[in-house]
Amino acid sequence: MHNLFTTIIIIIFLCKSSVALGGRTVSGGWSPISDVTDPKVVDIAKFAIDEHNKADHASLKFAKVLKGESQVVAGMNYNLTITAADGTADHDYVVFVWDKPWQKFRQLVSFKGPI
Ligand SMILES: *[C@@H]1O[C@H](CO)[C@@H](O)[C@H](O)[C@H]1NC(C)=O
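A few points on the structure.

Parameters at a glance
- Residues numbered from 1 in each chain as written.
- Predicted model: local features only at pLDDT ≥ 70, side-chain atom pairs only at ≥ 80, totals over all residues.
- Heavy atoms only, no water.
- Near = heavy atom within 4 Å.
- Polar contact = N/O pair within 3.5 Å; in protein donor to acceptor, adjacent residues only side chain to side chain.
- Areas by Shrake-Rupley, 256 points an atom, 1.4 Å probe, with all protein chains shown as cover.
- Helix = DSSP H or I, 4+ residues; strand = E, 2+ residues; numbered from the N terminus.
- Nonpolar A, V, L, I, M, F, W, Y, C, P; charged D, E, K, R; others polar.
- Salt bridge = Lys/Arg side-chain N within 4 Å of Asp/Glu carboxyl O.
- Buried < 20%, exposed > 50% of the residue type's maximum accessible area, 1.4 Å probe, protein only.

1. Some details on the site of the ligand
1) Next: Lining the immediate environment of the ligand, one finds K67, E69, N79, T81 and F96.
2) Next: Contacts to the ligand include K67, whose side-chain N or O atom sits 3.2 Å from an oxygen atom.
3) Next: Within the side chain of E69, an N or O atom sits 3.4 Å from an oxygen atom of the ligand.
4) Next: Out of a free accessible area of 360 Å², the ligand has 46% covered by protein chains.
5) Next: Contributions of two or more residues to the shell around the ligand are made by strand 2 (61–73) and strand 3 (75–85).
6) Next: In the shell around the ligand, the residues fall into 1 nonpolar, 2 polar and 2 charged.

Structure representation (structure tokens):
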């Protein structure tokens, strides 16, 4: 009887900790970004454009973030749909940025578009 009770407690504990760990794995859930004008989000978008410009010798200029979502990993993943100007016209792009602010680490994982 006592053992059964202990087993149940352990099972409950394991379930809870796997849910807690879930937030830190790559398969954790994505949350929509409600405020796309948040300076932190805009900063991520500008970073994506800067990195893309450097890598591709492009000269896109940030216009705005249209929508996005973020995911808690070791840090935070951002998946943003943004508008940027290439000199002639505005186009939309989907950018993916990995941010670990406490390590001052930020990486452009992918830059797709125009879409
Ligand atoms: C990022 O967002 C775009 C547009 O909503 C979507 O098509 C794409 O699948 C998303 N990418 C990831 C890795 O979630």
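2. Things to note about the pattern of salt bridges
1) Next: In this structure the tally under the stated criterion is 3 salt bridges.
2) Next: Here E51 ties to K54 by a salt bridge, and the two come within 2.9 Å at their closest N and O atoms. With E51 and K54 both in helix 2 (residues 39–56) and 3 residues apart, this pair spans about one turn of that helix.
3) Next: Residue classification places K54 among the exposed residues on the basis of a relative accessible area of 59%.
4) Next: With its nearest N and O atoms 3.0 Å apart, the salt bridge here joins R106 to D99.
5) Next: Each of D43, D99 and R106 takes part in a single network of salt bridges with overlapping partners.

3. Focus: unusual backbone geometry
1) Next: Between G113 and the following residue, P114, the backbone shows a cis peptide bond with an omega angle of -5°.
2) Next: Positionally, P114 belongs in the segment after strand 5 (105–112).
3) Next: At H57, a residue that is not glycine, the phi angle is positive and equals roughly 50°.
4) Next: With respect to the helices, strands and loops of the structure, H57 is situated in the loop between helix 2 and strand 2.
5) Next: You can call H57 exposed: its relative accessible area is 74%.
6) Next: One non-glycine residue with positive phi stands out, namely K104, at about 50°.
7) Next: Counting through the fold element by element, K104 comes out in the loop between strand 4 (90–100) and strand 5.

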